[in-house]
Structure formats: C-alpha cells, structure tokens
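# Secondary and tertiary structure notes
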Amino acid sequence: MWSGRKLGSSGGWFLRVLGPGGCNTKAARPLISSAVYVKNQLSWTLQIKPGVFNEYRTIWFKSYRTIFSCLNRIKSFRYPCARLYSTSQTTVDSGEVKTFLALAHKWWDEQGVYAPLHSMNDLRVPFIRDNLLKTIPNHQPGKPLLGMKILDVGCGGGLLTEPLGRLGASVIGIDPVDENIKTAQCHKSFDPVLDKRIEYRVCSLEEIVEETAETFDAVVASEVVEHVIDLETFLQCCCQVLKPGGSLFITTINKTQLSYALGIVFSEQIAGIVPKGTHTWEKFVSPETLESILESNGLSVQTVVGMLYNPFSGYWHWSENTSLNYAAHAVKSRVQEHPTSAEFVLKGETEELQANACTNPAVHEELKK
Amino acid sequence: MAARLVSRCGAVRAAPHSGPLASCRRWSGASTDTVYDVVVSGGGLVGAAMACALGYDIHFHDKKILLLEAGPKKVLEKLSETYSNRVSSISPGSATLLSSFGAWDHICNMRYRAFRRMQVWDACSEALIMFDKDNLDDMGYIVENDVIMHALTKQLEAVSDRVTVLYRSKAIRYTWPCPFPMADSSPWVHITLGDGSTFQTKLLIGADGHNSGVRQAVGIQNVSWNYDQSAVVATLHLSEATENNVAWQRFLPSGPIALLPLSDTLSSLVWSTSHEHAAELVTMDEEKFVDAVNSAFWSDADHTDFIDTAGAMLQYAVSLLKPTKVSARQLPPSVARVDAKSRVLFPLGLGHAAEYVRPRVALIGDAAHRVHPLAGQGVNMGFGDISSLAHHLSTAAFNGKDLGSMSHLTGYETERQRHNTALLAATDLLKRLYSTSASPLVLLRTWGLQATNAVSPLKEQIMAFASK
C-alpha cells in the first residue's frame, strides 16, 4: 500500500493518501513516537506512520510551505496538542505520554502550542454550561454551576478545568501525566478562588472508579477518547462514576477520510497546527461508534454536533458537519431497574432492552424539565 | 480581523515593560496580597461608571472589583442652588448605559435638561444645519458633571460588597506579569499604592484621563497634539425665561462657541478660542464678557458678499429640488449676566492611543482618546467604551474565561477603535475646516453645510452615529 516512490505532483499524493486511508490495520505497532521532522528550509519531510511498514515518504510542497510558514510566524507558532491520556492501566497508551511530556510546560501560553485548545473553550464551556443549566432549576448569578461536581478526565494543564471552576462547580481534574498535573496545580494556586474549587490528581480513570462510583454530576472527556487504548472500558468507567441522570461530555475527532486529510496531513504535517505524531487516525472515533458504545452502557445520547476550526482566524465554530471534530452530550439513565422490563426476557437482549426502557423515562424526565 | 492580523504580524503582543528588568519580577509561591478580578484606575465619570457597570452586572456577582481614585470623596448632601460650570452633553445611548445600573434615576431626581433641537451655523455665511428628531424626542441631555458623579457614587455605595472604592489612592507602580507563562511567577498585575499597600489583579482598566499613568506605564504609543485653543466655560443667565430646549453652536473663525440649556433661565457656555483670547475672556469684567458672548452669536461681521451670494444660489437650487421649506436661521437667546466665579478655561488637544488593550490591561475614556468639545462627544465616547467592554467582560465571565485574556479584549478594541477613530477624524477635520476665513474653504464648507442640511437621511445618519 505504502510504496517508497517519491511523488511528483501533489495531486497524485492526495489520491494516494485518500485511497489507502481505511486499509491500515490495527496491528501491534512499535511504540516509537515519531514526532520527527526535518528542519529543512526548502521542504517538509513527511513521515507517515504506517502501522507495520517502516517506510518514509518525502513530499515537497514549496509553495504551501511558504504560505504556512508565514501563517506560523503570524500565529507565533500555534501548535495545539490534543489532550493526552496516558501513563498506565488498561486504557492508557504509554506511547502517547512521551509526545505530551515534552510540551507539559506549554499549556498556558495562549498563543503557543495549545492555542486551538484555548480557543476551543469558547465552544465547549458554553456547551457544558448550557446543558448542565438545563438540569438546575434556579442557578445563582455569577456562579451558575454552584453545587455541581464535575470530573475532568485527561485534564492536561487544566485548560477546561479552570473555566468550569470559575463558573462555581467543584471540579476534580485527573491526568496520568505527572508534569501536566504539576503545571495545572501551579497555575491554579495563584487564584485563591480556584484553589478551593479545583482538585488535581495524577491517576487514570480506572484507578478511581471504585472510590468515586456515582458521585459526579458530570464527566468531561474532551479530546481524550482518541488517545485511549480501550474505548469500551473507558466509557464504561465514565458511566460508573456518574450519578444517575448525570451528563457525559465528549469532544473528539471523527474517523473519516476528511479527518485524515485535514486532521493529520494538513494540521500536523503541512501547516504545523498540531505537533507531528499527536494523533493516530486509527484511534479516531466516529459518532456512530461512540453512540453505540454509550447506548450499550446505559447512556442516552442527547446531542452530537460538529465543530470546525478556522486556522486563519484561530476560532472554532459550531457546524452541522461532524466529519472532523464533534462534541457529544450523553445522559446516564436515572432508573437502573424498570419493573416492566422484567416481562421481556429475551436471551442476549435483556440488557439492551433494559437500557432502552430505562432511557425512555429518563428522556421524558429530561424533557419535562 | 484585519486589525488582529496586523497586530499579530509584528510579534506576540508582549506584556508591557515599565523600564528595566524590575518589571518581570518573579513572585515565588502564592502571594498574600488580595487578588481582585478587576481594578479600575481613575474614579472620574468614566472610571466610576465602569466600576458601576461591572458591579451591577449579573455575571460579576461573585467577582471582586476595586476602584482607585486619587482625589477625595465628594459628598453632595444638598444640591447647590448655583449650577456648576462643568457640564456634559449626554447622548441617549449614554443615558441608556447610566440607567442600566440605576444612576439615571438619581440624575432625574436631581436635575438635568433635555434638548430637542440643535442649530449649528457658520459665522462667515448664512449656512446652517438644524438637527432634530422627527417626533421631537429628546436628542440629548445636558447634565452637570457633579450631578453625574454624585449619582455614580450613590450607586457604587449600594454594591459595596462587590465594589471597593479607595479614595486618595494613587498607584505609583505597576508590575506586569511575564509575557510567557512561567511556572513560579504570578500571572497577575501587581499594583503598589502611594501608601505602600499592594494588590494583585487579573485585569487592570485604565480610566485615568488623557495623561493616563496606566497608558504610560504599559508603554502604549499615544498619537496626540495640542490644539492652539483653550475652552472657556461659564454659567450664563438669559435675559428672559424661554423654553430653552435648543443647543446652539456657532463656528467663529477663532473657534466654536456653544450655548447649552441648563434650565429656563440658565445656559452653559463652552467657547473654544485662542489661548490669548481665552485668557482675556476669563479676566475681563462681567459686562464686557456678556457683550462679547452676545456679539459672538449675533454679529455678522465675518460675512462677505461673495459667500452670501454663493450661499443664496445653492439655497435657491435646493428649494427648487426640495419642496419643503428649510427653516430660516434662528438666533439664540440673549445673555444678560454671567455667574460670578464661573469662568474657567482649560486647554484643548487631540489624543488617541495606538492600542487600547494589552494582556491584562484595557484603556477606556480619555486615557484612550481625547477629542475637541465641538461635537460634545468626549464623555459619550467614554460611555460607549464602557458599554462595549462591560459586554465583552460579561460574556467572558459567563464563559468562565480568564478576564485578562487577550481574546475578548481585542474584540473590545476592534469594536471601539473603529467607532472612535472615525469620530476623532471627523471632529478634527471639522475643527480645521472651520478655523479659517479663507474664501475657498468658506465656500466649500458653506455649500457642504447647506447640502447636508437639505439631505435628511444624511442628517439622520449623523445623529444616529453621534447618539450611540
């Protein structure tokens, strides 16, 4: 599939990229985080990570290079890094940790590597806030999320944790990368109000599932699920720590040809918006996959909406199109056991029917509110 | 967006440095200073109104705001019989802002004067322009500055749990955070007062007038020049009581003279003229002064036949095209007396800050822009800045954002710079255009004024822009 031929035209290159996009196997791959690029002034050397084959391809984009080097200078090196979720345990990919370790101190530079994540807050904070406010009858002005307990999984440097804390919620941020938590801890220590409302811990989700079962009003996993090894276990754990009727917020990247072309090739290798090696296309999650796993765990998906990043303006926008980035909101069913479901005893479908029967009254209750 | 691109093209807009390395001090660990969310430096009309707007904002209910005022607290137990000589023309937009936090009610209970028409005319020709709203709604309000200040102070006292006001406090040093986030250095702005006390803040708003200390400390370039004019203000008694709801302004070659209604028998004078003439006016005895004022409004000494004929020609052409008769020039009420000790002069100039914002700093009011009083827009531009900045900060607070973040501060800057630059340029152009009695320019402005007066939609546009 991946030949070692040097390509003459960019057109041919794109065809090749789009073609074998779906054919990469999920074979066990060497844990070599290849965030390597040649700092050659005349060309970009692209290193595509084929799963099994260790071949490289050099593509020359002189004209694109000048445009985007200007963009990079203008934007003062915006290299946003998606949140890394790692360090150990079943869902953590230790290979991803190394990529993020190097950038652990850069979280709070708003014009730096993580700039797109900072500007994504303009979308995800209102998304979380408005959906949670629907469940609060009378909210206090100035502290709309007062009384809510939120878990931010894969919080990184606390980019999303702090705004939620400012809105009055008590937030626990967890991240397996020790350096990230140190940065986050240090940053919040300067603000006395946030210091009290936010707590950070170095751990993975599985480690705290038992002690925090059914304690959170909301769980936020933003830019995380595309980095975990075992998505099903991860989402199961998210469901376990949620109170019945609690909300799960996920933002991630769709697994499409467009997301490969724009999200990996363009963002990482051409324009340098994302550091190379941050994302692996195979781990991207489509909304359909996500929905099916969520539903099977007793979470009913309320909203799925697309997000679009404009690299020229640096702002995100909501979009009908979910083929790149998207945000999802799911609610854990309130009632675990429904009396009428006992009558429907069908082999192999009992759980699913129970889940369905439970989510329907749950949705009704949501609508009533 | 273009402005943003331009600003990014240079370099990352670095945090300001006030001198050598002392500015980037590292504060290891959390300091014990109080951390305020917003500190407003300067407690004048614009600074106090900004503190009020934030104090009454619904999304700022758990935030801490500090207002620093260098002067003493002005307590107004009883409204004095005599009117103050410093008045401001408040546009409807500014009145809306003041009523949004309840200050306008206090002003209504004290005193103000609404005016419904404005006549602006030339000394060198018959050309005039008359502004009024179709249904004779209030075009604007003349309010004494002391009355506005008192209303603001009362409203600030009502939200003292959120807004702390420190009088006789002047910041002597600002310490800016490092441009790059450092692990152990405080990200806030540190302010040191004259008495040694220190605070930290997430956002510093500079509302300290046209010689802004905040603007200088931050290092923002200020484009400014002094006009060769000073303004003389006084409180005048009219010869006879009239309805007095018209604002009058005449452009003399030496500068515009304006009469603003205060009550049925009183009006406020704002006469911009050369420094020497202004000094003369302030020191001459009262009778001579009153004569000077009356003749400035009535005398047609600067008229020339050439201009008069040319003006009449255009007027005839306009009357052919437009069936409705344009009202003839009216004369302002005559002045009988001037209040003793009410004559004061102050110099005039233009100023505009190249940037309104830096990380964790924003400028509003005269600190950002200074304008000639001929259009009555100075404080209104400041109130417009407050509306815009308060709106951006409110949205940011509701989104849980760091208040000093450039992302929403640049939104405020773009919005206001667009409006203010246009108004500043127009005012400066008018000032220069009307400062001469050279025939070609007089002819140009005569015809221009007559044409503008004839085109109602254009007049409405001008009124709408000025009353925002």
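Residues numbered from 1 in each chain as written. Chains lettered and ligands numbered in written order. Predicted model: local features only at pLDDT ≥ 70, side-chain atom pairs only at ≥ 80, totals over all residues. Heavy atoms only, no water.

- The name given to chain B in an unreviewed UniProt entry is Ubiquinone biosynthesis monooxygenase COQ6, mitochondrial, with the source organism recorded as Pan troglodytes.
- Quoted verbatim from the Cofactor (unreviewed entry) field of the UniProt record, the comment on chain B reads "FAD".
- Taken directly from UniProt, the Sequence similarities (unreviewed entry) text for chain B runs: "Belongs to the UbiH/COQ6 family." (UniProt positions renumbered as here; feature names shortened; annotations may be inferred.)

- If you look chain A up in an unreviewed UniProt entry, it shows as Ubiquinone biosynthesis O-methyltransferase, mitochondrial from Pan troglodytes.
- The UniProt entry for chain A carries the following comment under Sequence similarities (unreviewed entry): "Belongs to the class I-like SAM-binding methyltransferase superfamily. UbiG/COQ3 family."
- According to UniProt, the comment filed for chain A under the heading Subcellular location (unreviewed entry) is "Mitochondrion inner membrane".

## With respect to the overall build of chain B
- On a plain count of helices and strands, chain B comes out with 13 helices and 20 strands.
- Taken against the 2.2 N^0.38 rule, which gives 23 Å for 468 residues, the C-alpha radius of gyration of chain B at 24 Å falls within 12% of a compact globule.
- If you line up chain B on its principal axes, its C-alpha atoms span 80 × 50 × 45 Å.
- In chain B, buried positions account for 55% of the 468 residues.
- Summing over all exposed atoms, chain B offers an accessible surface of approximately 19,900 Å²; the carbon and sulfur share of this is 57%. (Helix = DSSP H or I, 4+ residues; strand = E, 2+ residues; numbered from the N terminus. Rg over C-alpha atoms; globule rule 2.2 N^0.38 Å. Buried < 20%, exposed > 50% of the residue type's maximum accessible area, 1.4 Å probe, protein only. Areas by Shrake-Rupley, 256 points an atom, 1.4 Å probe, with all protein chains shown as cover.)

## What about the environment of Ile 253 of chain A?
Residues and elements named next belong to chain A.
- Within the secondary structure, Ile 253 is located in strand E5 (residues 242–253).
- The class of Ile 253 is buried, set by a relative accessible area of 7%.
- Considering only alpha carbons, one finds Ile 253 and Glu 226, 27 residues apart in sequence, at a separation of 6.9 Å.
- Residue contacts for Ile 253: discarding those within four places in its chain leaves Glu 223, Glu 226, Ser 259, His 279, Phe 284, Val 285, Leu 324, Asn 325 and Tyr 326. (Contact = heavy atoms within 4.5 Å.)

## Here's the deal with the side chain of His 150 of chain B
Residue and element names in this part refer to chain B.
- For His 150, the position within the fold is in helix H5 (residues 145–158).
- Judged by its relative accessible area of 15%, His 150 is buried.
- With near-sequence residues (within four places) excluded, His 150 lies in contact with Leu 76 and Met 110.

## Things to note about the pattern of salt bridges
- Scanning all chains against the criterion turns up 25 salt bridges over all chains.
- Between Asp 178 of chain A and Lys 182 of chain A there is a salt bridge, and its shortest N-O distance comes to 4.0 Å. Within this pair, Asp 178 of chain A and its partner Lys 182 of chain A are both found in helix H6 (residues 178–189), separated by four residues, close to a single helical turn.
- By relative accessible area, which is 39% here, Asp 178 of chain A ends up partly exposed.
- Between Arg 116 of chain B and Asp 138 of chain B there is a salt bridge, with its nearest N and O atoms 3.2 Å apart. One end of the pair, Arg 116 of chain B, is in the loop between strand E4 (113–115) and strand E5 (117–122); the other, Asp 138 of chain B, is in the loop between strand E6 (128–132) and strand E7 (140–144), with 22 residues separating them in the sequence.
- Look at Arg 116 of chain B and you get partly exposed, because its relative accessible area is 32%.
- What makes Asp 138 of chain B partly exposed here is its relative accessible area of 22%.
- Through salt bridges that share partners, Asp 178, Glu 179 and Lys 182 of chain A make up one connected network. (Salt bridge = Lys/Arg side-chain N within 4 Å of Asp/Glu carboxyl O.)

## Here's the deal with the nonpolar core
- Ranked by internal contacts, the top residues of the largest apolar core, which has 73 residues, are Ile 90 and Ile 205 of chain B.
- When residues in this core are grouped by element, the largest group, nine residues, is from helix H2 (residues 45–55) of chain B.
- Core analysis: the next-biggest nonpolar cluster, separate from the first, contains 41 residues, Cys 155, Val 171, Ile 198 and Ala 327 of chain A among them. (Core = buried A, V, L, I, M, F, W, Y, C linked by side-chain atoms within 4.5 Å.)

## Here we look at the pairing of strand E7 (residues 315–319) of chain A
Residue and element names in this part refer to chain A.
- Two strands pair when backbone bridges link them, and strand E6 (residues 299–310) and E7 are joined in this way by five bridges, in the antiparallel orientation. What sits directly across from Gly 306, in E7, is Ser 319.
- Between the antiparallel neighbours E6 and E7 lie four residues, among them Gly 314 with a positive phi of about 85 degrees. (Pairing = 2+ DSSP bridges.)

## Here's the deal with the sheet that holds strand E3 (residues 198–202) of chain A
All names here are of chain A.
- The mixed open sheet is built from eight strands, whose spatial order is E3-E2-E1-E4-E5-E8-E6-E7. Each edge of the sheet is formed by a strand with only one pairing partner; in this case those strands are E3 and E7. Taken pair by pair, the neighbouring strands of this sheet meet at an average axis angle of 20 degrees, ignoring direction.
- Judged from the five bridges that link them, strand E2 (residues 170–175) and E3 form a sheet pairing that is parallel. Note that in E3 the partner of Val 171 across the bridge is Ile 198.
- Sheet contacts for H6: E2 and E3; angle to E3, the most-contacted strand, approximately 160 degrees.
- Helix H9 (residues 231–241) rests against strand E1 (149–153), strand E4 (216–222), E5, E6 and strand E8 (325–332) of the sheet, and its axis sits at about 145 degrees to E5. (Axes fitted to C-alpha atoms, helices over the stretch in contact; angles between N-to-C directions.)

## Observations regarding a negative patch on the surface
- On the surface, Asp 285, Glu 286, Glu 287 and Asp 291 of chain B cluster together into a patch of negative charge.
- Mapping Glu 287 of chain B onto the fold places it in helix H8 (residues 286–298). (Patch = residues over 30% accessible without salt bridge, like charges linked within 9 Å, V, L, I, M, F, W, Y side chains within 5 Å. Lys, Arg positive; Asp, Glu negative; His and termini not counted. Charge placed at Lys NZ, Arg CZ, Asp CG, Glu CD.)

## A closer look at the sheet that holds E4 of chain B
Residues and elements named next belong to chain B.
- Pairing is antiparallel across the open sheet formed by three strands, whose spatial order is E3-E7-E4. Of all the strands in the sheet, the pair left with one neighbour each is strand E3 (87–90) and E4. Between one strand axis and the next, the sheet turns by 25 degrees as a mean value, whatever way the strands run.
- Pairing between E4 and E7: three bridges, direction antiparallel. Bridged to Arg 113 within E7 is Ile 142.
- Strands in contact with helix H3 (residues 92–100) are E3 and E7; relative to E3, the strand with the most contacts, it is inclined by about 100 degrees.

## Things to note about the UniProt feature "binding site: Mg(2+)" (unreviewed entry) in chain A
All names here are of chain A.
- Here the UniProt-annotated "binding site: Mg(2+)" (unreviewed entry) positions come out as Glu 223, Glu 226 and His 227.
- Assignment of secondary structure puts Glu 223 in the loop between E4 and H9.
- Of note, Glu 226 is situated in the loop between E4 and H9.
- Its relative accessible area of 1% is what places Glu 226 among the buried residues.

## Details of the UniProt feature "binding site: S-adenosyl-L-methionine" (unreviewed entry) in chain A
Residues and elements named next belong to chain A.
- Residues annotated by UniProt as "binding site: S-adenosyl-L-methionine" (unreviewed entry) correspond here to Arg 124, Gly 154, Asp 175 and Ser 222.
- Within the fold, Gly 154 resides in the loop between E1 and helix H5 (161–166).
- You can call Gly 154 buried: its relative accessible area is 0%.
- Take Asp 175: it is sitting in strand E2.

## Points about the pairing of strand E2 (residues 65–68) of chain B
Residues and elements named next belong to chain B.
- Along E2, one buried face is formed by Ile 65 and Leu 67 and the opposite face, lined by Leu 66 and Leu 68, is buried too.
- Direction of pairing for strand E1 (residues 35–41) relative to E2: parallel, over a ladder of four bridges. Bridge assignment links Val 39 to a residue of E2, and that residue is Leu 66.
- Traced from E1 through H2 to E2, the parallel crossover comes out right-handed.
- As paired strands, E2 and strand E8 (residues 163–166) are joined by four bridges and run parallel to one another. Note on E8: the bridge partner recorded for Leu 66 is Thr 164. (Right-handed = clockwise from strand over helix to strand, strands pointing away.)

## Structural notes on the UniProt feature "domain: FAD-binding" (unreviewed entry) in chain B
- When the UniProt feature table is mapped onto this chain numbering, "domain: FAD-binding" (unreviewed entry) sits at residues 194–306 and 352–425 of chain B.
- In residues 194–306 of chain B, helix accounts for 27% and strand for 43%; the two terminal C-alpha atoms are 62 Å from one another.

## Thoughts on a nonpolar patch on the surface
- Among the surface-exposed residues, Tyr 316, Leu 320 and Leu 321 of chain B lie close enough to one another that they form a single nonpolar patch of about 420 Å² accessible area.
- Relative to the helices and strands, Tyr 316 of chain B resides in helix H9 (residues 305–321).

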